[in-house]
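Tertiary structure, described
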2 protein chains.
Amino acid sequence: MRIAAKLVLRSWVAVVLLTLTPGLAISAAPSGPPSEKPNIVYILVDNWGWGDIGIQGGATPTPRIDAFAAEGLRMTNFNVQNQCTPTRSAIHTGRLPIRSGTQKVPAPGEPQGLSPWEYTLAELLSDSGYATALYGKWHLGNQRGRLPTDQGYDEWYGIRESAMEASYTATPQFDPEVFEAPQVWQGVRGSESTPVKPFDLEARAVLDAEVVAKTVGFIRRQAKAGAPFYVLAAFSQIHPPYLPHPDFAGRSGAGNYPDIRMQLDGDVGRILDALDAAGVADNTLVILTGDNAAGGPSPEWPGDGGSNKPWRGGLSTGYEGGLRTPGMVRWPGRVPSGRVSDEIFSDLDWYPTLANFVGAKARIPADRPVDGVDQSAFVSGKQENSNREYVVNYVGNRVFSVKWRTLKVHFYTAEGTFSPIVEHTFPQVYDIENDPGESRELWAADGFAHLWVTKPVMEILGRIGASMREFPNLKPGQDFQGYE
Amino acid sequence: MRIAAKLVLRSWVAVVLLTLTPGLAISAAPSGPPSEKPNIVYILVDNWGWGDIGIQGGATPTPRIDAFAAEGLRMTNFNVQNQCTPTRSAIHTGRLPIRSGTQKVPAPGEPQGLSPWEYTLAELLSDSGYATALYGKWHLGNQRGRLPTDQGYDEWYGIRESAMEASYTATPQFDPEVFEAPQVWQGVRGSESTPVKPFDLEARAVLDAEVVAKTVGFIRRQAKAGAPFYVLAAFSQIHPPYLPHPDFAGRSGAGNYPDIRMQLDGDVGRILDALDAAGVADNTLVILTGDNAAGGPSPEWPGDGGSNKPWRGGLSTGYEGGLRTPGMVRWPGRVPSGRVSDEIFSDLDWYPTLANFVGAKARIPADRPVDGVDQSAFVSGKQENSNREYVVNYVGNRVFSVKWRTLKVHFYTAEGTFSPIVEHTFPQVYDIENDPGESRELWAADGFAHLWVTKPVMEILGRIGASMREFPNLKPGQDFQGYE
């Protein structure tokens, strides 16, 4: 598959903005005041490969998702952070996760969670009059004070961490005195969250059906109430353990993973149907993306593991297969339908973009760096190009790669999620327009002709570094700046 | 080819000196006051493999270079820093490049350049009454205030960085608003350097012919003027892009790389001829070395890439193929002719050695560590052995390997310039006297019998570490100690 990535010639808007205050930053691409506050439904799929959907070459048909993509903007260059926690952090803050101490999936026992000091998308929308809810996977904090209802959500139901929790108690060595047996949780704002039931393999298989039911219920309730609403439907699929819902088990005839792909397509469809049934589809902005790439197929990854084709690499790598997931947005009448764009968009950008769409730009904190750029003009089709020409790809504390326009610079590489991290004395350079599979390293191959590309890349990294010296990064688990 | 490396048994002169003041250090090997100030011509070849010359097994005949080697001292164990910038820094300061923030080739956009605070060889010679000039490649700073005429040279002509600059504008993604189109520059001391013409592929092919012409002109002028002179003829060859001068294109019948080897041999010859023609050959000390090893032959390296045979590794590796380049020095009547030595010599050593030869030992700064050792007694044949028994091989910020007498200890390894960096839990040990290809790792192979060698190596590294705590290293691009 050949991806037509356009050569983007434009000013240094995105780069320059980084050094300005966030408030100023988002004013650079005005899209006019929104006529109304749209409802916002963000459907977030776990470990979703770019090639895991039919319209992008997927092995399993995904008719509902494909149809949805055609109703709005499909972004073929939608970029995420490299793991579950960092992307969820980026969506909620518009800030590079390393600033928030959320730069990796925490191993159980490690200090973790988004600091209450962060001003989340849910808080911003709640403060703008939105009813807010999260159903499904959180992964931004597993302790009191760091759950969704502590971070701007009116209600939540789901798991604090990840689907893999469901397997813990089945291990023979499991000791509940050492590790609290995982639970499905629920909570409403102002009260402590409480466990609902054990989160085991049986609960794992039906969790996303509950996510759909809760989301549909929330849509119905809020449509009647009349106030704008925001819901994050954070599916626990497609993540190990790969257990489809009983209704979908065996449906594909090709194994658990394809069964789950079909389940996911149906789950997305049921949420879209609920919007239609409630009569709010026209005034609802629906976003559908992955949180990070698929892990497979790879010898090291259990099961099918999904497909990031045609890109190289996947989950937790710095290659395009790790950066890109499906990314689409629908907003009837405001986002032109049938548009496909290979412009660079980052999960960081939703925060300022949605703030602009709901008329809440002034709520974006001015006391901290916000790395997302306002893409409202791009998303709404008033502007052909995006306001972003680079993506900095961190894996943990390291900058693995930087994508700049159609070129890519790698400082560290890993071939797969569990592969060794390789450091390179000289950065590697790829031309992802003409070599989407990142198979031909240019620095050496072309006699160093592309070496100049490190200049804009180093300038980007230099500006980020300077802002981190001015605004020190939070340590993982840290409560607020200055606190140890 | 078998290299007879002698087992050197002598005191800890070189090691101990590191902790003494440089002024005291060079007095340890007195060679007597020089009778006159010799002219100094340093011909520095880019990316020059140990095996790239005829007399060391090269595939292309190099009759002029071979003849030159026979007229003085040929050092088969001449050691460089591991990349272009570090070696140029070492030659100019006598200091480990990591002390100067010049420990690697900076990627474009990275802070770079030798600090004006450094007291360069050119400044030392200039202050000693020498006319000074640099023609060709600088690579020690690409901005105002860090060009050759800011660092002790009366005049210069050439390129600020490296030959690869010539390819930049030919890449389809090149954007002159992002990256200033490379130029050939010239300057005289006291004025701003100015661009002469675009440095493109055409200019690249003829640059070294210009270097020769400028060097020959300088020799003629200075010979008439009567004052001692120092010129650094810093060839841009043999470096990608491999474009020979039109006069040499096709000459070898074996490709661009062999053509350039022939061109280089002729270029060296023309400079030597100019010394004869000007009647100053007898009073001129001529040094001919590489700045670092060749990159190839390697699957990752474009073109022929040169030969580091019989040694393992090359450019930016810690193996002997990365440490050694051709190294020879001629000074009629002062350096015995026809001598070949496998004593350890470092590019760091030129600084104090030349200072001694020109009677300027007192000019060596006493306020900073100088790692080079005075080799004047060795070079002039008054002493069989060199005053150095180790080489610490940095790649970037890491000590990859330490050569100590005839043994070698590796902490990190990389097989080629672009190969992954591998860290070793236990250091690797090789006997380079009996195993010049570093093919048989001793630590494991001989049941740990050579383990003791890490003691002297750790003592060396400990002393360097202590001196770095006392005299903190400059950061890349830093202006002077204490400046951020």
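Residues numbered from 1 in each chain as written. Chains lettered and ligands numbered in written order. Predicted model: local features only at pLDDT ≥ 70, side-chain atom pairs only at ≥ 80, totals over all residues. Heavy atoms only, no water.

Let us now look at the overall build of chain A. Within chain A one finds 14 helices and 16 strands. The C-alpha radius of gyration of chain A comes to 21 Å, within 12% of the 23 Å expected for a compact globule of 484 residues. Projected onto its principal axes, the C-alpha positions of chain A cover 60 × 50 × 50 Å. Sequence-distant contacts, at least 24 apart, represent 70% of the contacts inside chain A between residues at least 6 apart. Total accessible area on chain A stands at roughly 16,100 Å², and carbon and sulfur atoms take up 55% of it. Looking at charge distribution, chain A has the averaged site of its 44 positive side-chain charges lying 5 Å from that of its 54 negative ones. (Helix = DSSP H or I, 4+ residues; strand = E, 2+ residues; numbered from the N terminus. Rg over C-alpha atoms; globule rule 2.2 N^0.38 Å. Contact = heavy atoms within 4.5 Å. Areas by Shrake-Rupley, 256 points an atom, 1.4 Å probe, with all protein chains shown as cover. Lys, Arg positive; Asp, Glu negative; His and termini not counted. Charge placed at Lys NZ, Arg CZ, Asp CG, Glu CD.)

Many structure descriptions define interface size as the accessible area lost when the parts assemble. On the chain A side, the residues contacting the 30 residues of chain B number 25 residues. Taking both sides of the interface into account, the surface hidden between chain B and chain A amounts to around 2,500 Å²; carbon and sulfur atoms contribute 67%. Area buried by chain B at its contact with chain A is led by Gln-173, Val-178 and Phe-418 of chain B, which between them contribute 28% of it. The interface formed by chain B and chain A contains 2 salt bridges. Between Glu-423 of chain A and Arg-398 of chain B there is a salt bridge, with the nearest N and O atoms lying 2.5 Å from each other. Our count for the chain B to chain A interface comes out at 9 residue pairs in polar contact (both at pLDDT 80 or more). (Buried area = accessible area lost by both parts, 1.4 Å probe. Salt bridge = Lys/Arg side-chain N within 4 Å of Asp/Glu carboxyl O. Polar contact = N/O pair within 3.5 Å; in protein donor to acceptor, adjacent residues only side chain to side chain.)

Turning to the sheet that holds strand β4 (residues 131-137) of chain A, a few remarks are in order. Residues and elements named next belong to chain A. With respect to topology, 10 strands assemble into an open sheet ordered β7-β6-β5-β4-β8-β1-β9-β10-β2-β11, the strand pairing being mixed. Because the sheet does not close on itself, it has two edges, and the strands there are β7 (194-198) and β11 (339-341). Looking at each pair of strands side by side, their axes are set apart by 10° on average, direction ignored. Of the pairings in the sheet, the one linking strand β1 (residues 39-45) to strand β8 (residues 229-234) comprises 5 bridges and is parallel in character. Bridging across to β8, Tyr-42 finds its partner in Leu-232. Helix α3 (residues 63-70) rests against β2 (73-75), β9 (284-290) and β10 (327-330) of the sheet, and its axis sits at about 60° to β10. (Pairing = 2+ DSSP bridges. Axes fitted to C-alpha atoms, helices over the stretch in contact; angles between N-to-C directions.)

Right, let's talk about the relation of the copies chain B and chain A for a bit. Overlaying chain B with chain A gives an RMSD of 0.1 Å, the required rotation being 124° about an axis along which the chain moves by 0.6 Å. Both copies are brought into coincidence by an operation consistent with a three-fold rotation axis. Relative to the rotation axis, the C-alpha of Val-422 of chain B is the closest in chain B, positioned 4.6 Å from it. (Least-squares fit on C-alpha atoms with pLDDT ≥ 70 in both.)

Attention shifts here to the domain arrangement of chain A. Residue and element names in this part refer to chain A. The domains assigned to chain A are domain 1 (37-170 + 179-383) and domain 2 (393-470). Domain 1 puts 26 residues into the contact, and the matching count from domain 2 is 27 residues. Around 2,200 Å² of area is buried between domain 1 and domain 2 when both sides are counted, 52% of it from carbon and sulfur atoms. The largest per-residue losses of area from domain 1 upon contact with domain 2 belong to Glu-300, Arg-312 and Tyr-319, which jointly make up 25% of the total buried on that side. Applying the counting rule to domain 1 against domain 2 returns 3 salt bridges. Between Glu-320 and Lys-403 there is a salt bridge, and its shortest N-O distance comes to 2.7 Å. (Domains from an automatic or database assignment.)

Attention now goes to the layout of surface pockets. Residues and elements named next belong to chain A. One number sums up the size of the largest pocket: a volume of about 1,500 Å³. Breaking the lining of the largest pocket down by element, the ones donating at least two residues are β14 (398-404), β15 (407-413), β16 (422-431) and α14 (454-470). For the lining of the largest pocket, the leading source of residues is α14, giving 9 residues. For the lining of the largest pocket, the per-class residue count stands at 23 nonpolar, 18 polar and 9 charged. Reported here for the second largest pocket is a volume of approximately 390 Å³. Looking at the second largest pocket, it is lined by 16 residues, and the ones nearest its centre are Val-105, Trp-301, Leu-315, Thr-417 and Phe-418. Taken together, the residues of the lining of the second largest pocket sort by class into 9 nonpolar, 6 polar and 1 charged. Viewed by domain, the lining of the second largest pocket spans two of them, domain 1 (37-170 + 179-383) and domain 2 (393-470), each represented by three or more residues. (1 Å grid on protein atoms, 1.4 Å probe; cavity = no way out; pocket = protein on both sides within 12 Å on 5 of 7 lines; lining within 4 Å. Points joined across faces, edges and corners; volume = space filled by probe spheres on them. Nonpolar A, V, L, I, M, F, W, Y, C, P; charged D, E, K, R; others polar.)

Looking now at helix α14 (residues 454-470) of chain B. Taking 1.5 Å of rise per residue, 17 residues should cover 24 Å, and α14 of chain B covers 24 Å from first to last C-alpha, within 8% of that figure. Those residues of α14 of chain B that fall on the buried side of the exposure criterion are Thr-454, Pro-456, Val-457, Ile-460, Leu-461, Ile-464, Ser-467 and Met-468 of chain B. (Expected span 1.5 Å × (residues − 1). Buried < 20%, exposed > 50% of the residue type's maximum accessible area, 1.4 Å probe, protein only.)

With that out of the way, let us pick up the pattern of salt bridges. Oppositely charged side chains can pair when the atoms bearing their charge come close. All names here are of chain B. Under the counting rule described, the total for this entry stands at 54 salt bridges over all chains. The residue Asp-273 makes a salt bridge to Arg-64 at a minimum N-O spacing of 2.8 Å. Of this pair, Asp-273 sits in helix α9 (residues 256-277) while Arg-64 sits in helix α3 (residues 63-70), placing them 209 residues apart in sequence.

With that settled, consider the sheet that holds strand β2 (residues 73-75) of chain B. To summarise the sheet geometry, strands pair through backbone hydrogen bonds and adopt either a parallel or an antiparallel arrangement. All names here are of chain B. Spatial strand order, β7-β6-β5-β4-β8-β1-β9-β10-β2-β11: 10 strands in an open sheet with mixed pairing. Looking at the sheet topology across the chains shown, the edges are occupied by β7 (194-198) and β11 (339-341). Pairwise comparison of adjacent strand axes, ignoring direction, gives a mean angle of 10° for this sheet. Relative to strand β10 (residues 327-330), strand β9 (residues 284-290) runs antiparallel, the two sharing 4 bridges. When the bridges of β10 are listed, Leu-288 appears paired with Met-328. Across the face of the sheet, α3 comes into contact with β2, β9 and β10 while running at roughly 60° to β10.

Residue and element names in this part refer to chain B. Within strand β4 (residues 131-137), 7 of the 7 residues are buried, leaving the element largely enclosed by the surrounding structure. Bridging between β4 and strand β5 (residues 155-159) involves 5 bridges; their strand directions are parallel. From the neighbouring strand, Leu-134 faces β5, where its bridge partner is Trp-156.

For the rest of this paragraph, the subject is the confidence of the model for chain A. The predicted coordinates should not be examined in detail at positions where pLDDT is low. Residue and element names in this part refer to chain A. Residue-level pLDDT values for chain A average 91, and 91% of them are 70 or greater. Across residues 1-35, confidence stays below pLDDT 50; counting only partners more than four residues off in sequence or on other chains, it has 85 contacts. Segment residues 480-484: pLDDT under 50, and 9 contacts once partners within four positions in sequence are set aside and those in other chains are kept. Per the prediction output, this complex has pTM 0.89; the corresponding ipTM is 0.86. (pLDDT = per-residue confidence, 0-100.)

All names here are of chain B. With respect to the secondary-structure elements, Asp-267 resides in helix α9. Since its relative accessible area comes to 2%, Asp-267 is described here as buried. C-alpha separation for the pair Asp-267 and Val-379, spaced 112 residues apart in sequence, amounts to 25 Å.

Here the focus is the nonpolar core. Residues and elements named next belong to chain B. Counting residues in each nonpolar core, the largest one holds 85 residues, and the members touching the most others are Ile-43, Phe-235, Leu-275 and Leu-288. Top element by residues in this core is α9. It accounts for 8 residues. With residues near it in sequence (within four places) discarded, Leu-288 still touches Ile-43, Val-45, Trp-48, Ile-65, Phe-68, Val-268, Pro-326, Gly-327 and Met-328. (Core = buried A, V, L, I, M, F, W, Y, C linked by side-chain atoms within 4.5 Å.)

All names here are of chain B. With respect to the helices and strands, Ser-128 occurs in the loop between α6 (121-127) and β4. Among the residues examined, Ser-128 registers a relative accessible area of 6% and is labelled buried. When near neighbours in sequence (up to four residues on either side) are disregarded, Ser-128 contacts Lys-37, Ala-360 and Arg-363.

Turning next to the pairing of strand β5 (residues 155-159) of chain A. Residues and elements named next belong to chain A. Most of β5 is tucked away: 5 of the 5 residues are buried. Alignment of β5 against strand β6 (residues 183-188), held across 4 bridges, turns out to be antiparallel. Paired with Gly-158 across the strands is Trp-185, a residue of β6.

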